[in-house]
Amino acid sequence: MSPIVGIDLGTTNSLIGAMDAGFPILLADADGERLTPSVVYFPQSGEPLVGRAAARMRAVDPAATVYSAKRFIGRRVGEDADDVSYALAGERGAPVRMRVREREFSPEEISALIVKKLRADAERALGGEVTRAVITVPAYFNDAQRQATKAAGELAGFTVERIVSEPTAAALAYGLDKLGDRAKIAVFDLGGGTFDISLLELSAGVFQVLATSGNTHLGGDDIDAALVAHLARAAGSVGEAASFPDAAVTSPRLREAAVTAKHRLSTESEAPIDLPFFSGDQNFSYLLTRAELEKLAQPIVEKTRAHCLRALADARLTPADLDDVILVGGQTRMPLVREFVRGIFQREPNVSQNPDEAVALGATIQAGILSGAVQNVVLLDVTPLSLGIETFGGLMNVIIPRNSTIPIKAGELFTNAVAGQSAMQITVLQGERELARDNWRLGEFELEFERAPKGQARVGVQFEIDANGILHVLARDTKTGAQKIVAMTSAVDVSDEAVEKMLEESLEHAFEDMSDRVFVEAKLKSDELLPAVRQALAQAGGELCADERTLIAQRVAEVESALATGAGQPLKRANTALDEATQRLATILIERAMRA
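In this report, we go over the structure that sits alongside the text. (Residues numbered from 1 in each chain as written. Predicted model: local features only at pLDDT ≥ 70, side-chain atom pairs only at ≥ 80, totals over all residues. Heavy atoms only, no water.)

1. Quick notes on the packing of helix 8 (residues 290–302) against helix 10 (residues 335–345)
The test is simple: As a rule, the C-alpha atoms of each element are fitted with a line to give its axis, helices using only the stretch in contact, and angles between N-to-C directions run from 0 to 180 degrees. Helix numbering and strand numbering both begin at the N terminus, where a helix is a DSSP run of H or I of at least 4 residues and a strand a DSSP run of E of at least 2. Orientation is classified from the angle alone, with under 35 degrees giving roughly parallel, over 145 giving roughly antiparallel, 65 to 115 giving roughly perpendicular, and any other angle giving oblique. Throughout, a crossing is termed right-handed when the near helix is turned clockwise from the far one, and left-handed when it is turned anticlockwise from it by less than a right angle. In what follows, a contact means two residues having at least one pair of non-hydrogen atoms within 4.5 Å. Note on residue categories: nonpolar means Ala, Val, Leu, Ile, Met, Phe, Trp, Tyr, Cys or Pro, charged means Asp, Glu, Lys or Arg, and polar means any other residue, Gly included.
Relative orientation of the contacting elements helix 8 and helix 10 amounts to 45°, with a least axis distance of 9 Å. In terms of orientation, helix 8 lies oblique with respect to helix 10. Seen along the crossing, helix 8 lies across helix 10 with a hand that is right-handed. Every residue of helix 10 that contacts helix 8 at R290, E294, A297, Q298, V301 and E302 is listed here: P335, L336, V337 and F340. Looking at the contact of helix 8 with helix 10 residue by residue, the classes come out as six nonpolar, one polar and three charged.

2. Concerning the pattern of salt bridges
To keep it simple, the criterion reads: The working definition used for a salt bridge is a side-chain nitrogen of Lys or Arg within 4 Å of a carboxyl oxygen of Asp or Glu. Any residue under 20% of the maximum accessible area for its type is buried, any over 50% is exposed, and the rest in between are partly exposed; the area is computed with a 1.4 Å probe on protein chains only.
Scanning all chains against the criterion turns up 31 salt bridges. Residues K262 and D224 are paired through a salt bridge, measuring 2.8 Å at the closest nitrogen-oxygen approach. Separated by 38 residues along the polypeptide, K262 in helix 7 (residues 252–264) and D224 in helix 5 (residues 220–238) bring together distant segments of the chain. For D224, a relative accessible area of 6% corresponds to the buried category. A salt bridge links R264 to E268, with the shortest nitrogen-to-oxygen separation between them at 3.0 Å. Overlapping salt bridges bring together R97, R99, E104 and E109 as one network.

3. What about the sheet that holds strand 10 (residues 103–105)?
Two orientations exist for strands paired in a sheet by backbone hydrogen bonds: parallel and antiparallel. We apply this condition: Paired strands, in this sense, are two strands between which DSSP finds at least two bridges.
On the basis of which strands lie adjacent, the open sheet formed by three strands has the order 8-9-10 and antiparallel pairing. Every other strand in the sheet has two partners, leaving strand 8 (87–89) and strand 10 as the edge strands with one partner each. Direction aside, neighbouring strands of the sheet carry axes that sit 40° apart on average. Here strand 9 (residues 97–100) pairs with strand 10 via three bridges, running antiparallel. Note that in strand 10 the partner of M98 across the bridge is F105. Seen against the sheet, helix 2 (residues 107–126) touches strand 9 and strand 10 and runs at an angle of roughly 80° to strand 10.

4. Description of the nonpolar core
Applicable threshold: Throughout, nonpolar core names a set of buried Ala, Val, Leu, Ile, Met, Phe, Trp, Tyr and Cys residues whose side chains join them through atoms within 4.5 Å.
The biggest cluster of nonpolar side chains holds 47 residues, and the ones touching the most others in it are F188 and F345. In terms of residue count, the dominant contributor to this core is helix 5 (seven residues). Those residues in contact with F345, other than ones at most four positions away along the chain, are A186, F188, I197, C308, L312, P319, L322 and V325. Among the nonpolar cores identified, the runner-up in size contains 39 residues, and V40, F42, V66 and Y67 belong to it.

5. So, the pairing of strand 11 (residues 132–137)
The test is simple: Note on handedness: a clockwise path from strand one over the helix to strand two, with the strands aimed away from the viewer, defines a right-handed crossover.
In terms of burial, strand 11 is a largely internal element, six of the six residues being buried. Residues R132, V134 and T136 line one face of strand 11 and the alternating positions A133, I135 and V137 line the opposite face, and both faces are buried. Inspection of the sheet shows strand 1 (residues 4–8) paired to strand 11 by four bridges, in the parallel sense. By the bridge assignment for strand 11, V5 is matched with A133. Pairing of strand 11 with strand 12 (residues 159–165) involves six bridges; the strand directions are parallel. Bridged to V137 within strand 12 is S165. Remark: the strand 11/helix 3 (residues 143–155)/strand 12 crossover connection has right-handed handedness.

6. A look at the pairing of strand 1
With respect to burial, strand 1 is a largely interior element, five of its five residues being buried. Every second residue of strand 1 is oriented toward a common face, with I4, G6 and D8 on one face and V5 and I7 on the other, all of them buried. Of the strand pairs in this sheet, strand 1 and strand 2 (residues 13–20) are connected by three bridges, and their pairing is antiparallel. Note that in strand 2 the partner of D8 across the bridge is L15. In sequence, strand 1 turns back onto strand 2 through a hairpin of four residues.

7. Looking at the environment of K454
When you line up the elements, K454 lands in the loop between strand 25 (440–452) and strand 26 (459–465). Take K454: its relative accessible area is 43%, and that puts it in the partly exposed class. Remark: the alpha-carbon pair of K454 and Q421, spanning 33 residues in sequence, is separated by 7.7 Å. Those residues in contact with K454, other than ones at most four positions away along the chain, are N416, A417, V418, A419 and E528.

8. Remarks on the sheet that holds strand 21 (residues 395–400)
Spatially, 21-20-24-25 is the arrangement adopted by the four strands of the open sheet, whose pairing is antiparallel. At either margin of the open sheet sits one strand with a lone partner, and together these are strand 21 and strand 25. The average undirected angle you get between the axes of adjacent strands in this sheet is 30°. As defined by bridge partners, strand 24 (residues 421–430) adjoins strand 25 across nine bridges and the pair is classed as antiparallel. Directly across from I426, in strand 25, lies its bridge partner F445.

9. With respect to the packing of aromatic side chains
Selection rule: Centres within 6.5 Å are what make two rings of Phe, Tyr or Trp a pair, Trp counting through its six-membered ring; a difference in plane orientation under 30 degrees is then read as stacked, over 60 as edge-to-face, and the rest as tilted. Two conditions define a charge located above a ring, namely a distance within 6 Å from the ring centre to NZ of Lys or CZ of Arg, and an angle within 35 degrees of the ring normal.
Applying the stated criterion across every chain, the model contains four aromatic pairs. With a centroid separation of 4.5 Å and an interplanar angle of 25°, the aromatic rings of F42 and F105 are classed as stacked. Within this pair, whereas F42 is found in the loop between strand 5 (39–41) and strand 6 (49–50), its partner F105 is found in strand 10, the two being separated by 63 residues in sequence. For F42, a relative accessible area of 6% gives the class buried. You can call F105 buried: its relative accessible area is 6%. The interplanar angle of 80° and the centroid separation of 5.3 Å between the aromatic rings of Y67 and Y86 together place this pair among those described as edge-to-face. With Y67 in strand 7 (residues 65–67) and Y86 in the loop between strand 7 and strand 8, this pair connects stretches of sequence that are 19 residues apart. Judged by relative accessible area, Y67 falls into the buried class, the value being 7%. Judged by its relative accessible area of 4%, Y86 falls in the buried class. A cation over an aromatic ring shows up here: R58 above the ring of Y67, its NZ or CZ 3.3 Å from the ring centre. For the cation-ring pair, R255 lies above Y67, with the distance from its terminal atom to the ring centre recorded as 5.8 Å.

Right, here's the structure in full:
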């Protein structure tokens, strides 16, 4: 059986590793480099270049060089635009595609070329065929993004054994499974294009994610863009040609110089930038200081604060409850980021591992767990948003709550709301609001069953989230055994800003939403109660005295009045009062039925 490799498919760089004699080893390419730039260059003819060779072409032929493809996985046209040198294609609302030399590619096709190159490097290093892999994704990747990542691995010829969250993999790499029982860990992961914060608890060799938050569209690329814009303004102030500033903004040379200077400023206080013949015969020189860079980066790094605080709140933890805070992702080398993390978590962050390699090492250890080379460690992840179905009245019925540990399987039994109903529409929802209309629809399908009186049919709905975080929905007629199983191959194709908005709105409208739910539930009861009471009154005849009929009529009027106002609690109280007023009426009809 071929070995299982671990792959960190990154925005900026990607890595691959394998277990060797019980130890995780990251595999180098033919040039001895472990980091493979996540860049693909398409020449006029011949096969695409991938990795370092492609990265060198970015300054020469930027329109034919695709980079940061991971930022577009699961994205739709019309969301926030990225400042990239290649063309993007697709109708508004359709998945983003890259257009290069009159051909279009999906982000997963670009990612597949990178993974295929990693696979070739691994086969050269290991001396044999490699067909099985574990691939990491940001913890906040939704189902569509996880599916696309899995598809990229399969396009490269891999059987993807597991999709693992990057922070969880990083915790393994740091050896946090060696900590004492009940250790709690924060993983702050700021890479080139994505940010995750995850809180984990270790107990008896089991990693359980307590809470996670993040933004799959926030990272070092944003700092690079801000720095390039800053340098372009500086270039414009010294340039004589009107086109000089415009050329500066899109110049691959300026971007390459900016990134190099940014890296130097992690260890130095200033970095000179010299670009001879930058625009025609004009040169550009600039002395960039760490203070300038930090001023530009501060607003971007600050965006991670809300995610950190939300994760702590979701896990019901304070910084004092944590045993360790680890840093992952190349951007965490920046002193500003380390100071920021120190301030939020009130402790010195753990920087014992190479932040660029930690995720790949963790993926390799997870591959070892699956192959049996590593034992006594288990990874448990969580789902970032609640999942459920729409029920009668337009309510969201949660089946798997937010932050539930996965893999997970949960279900409920539902019945028909209408007499003679012969099918049930299963609408799958994701979100945190009480009403179905305020959540996102992942998909829908119909299950047929035998016609039955109201409340007599029984349909079981089961949700299963597998170890890759992918949702499968089963609906079964318990009487006949007829069932349908649907894999939600595309979950919420929305921007991370929309995910954040969902969580914020769920808090902002919590009382209003609960009031709406109370009203809908009370209205459903009223809609059942009022016709039943009127029918019962007609059947009771002279067995009910005038005072009792008057009281019931008064209670009916109160229910109808509360229905008209749309207020949940008054309607709920009116329903209860009508219930109590009709107790003797119900008893009369039951006794009559028994005599008959």
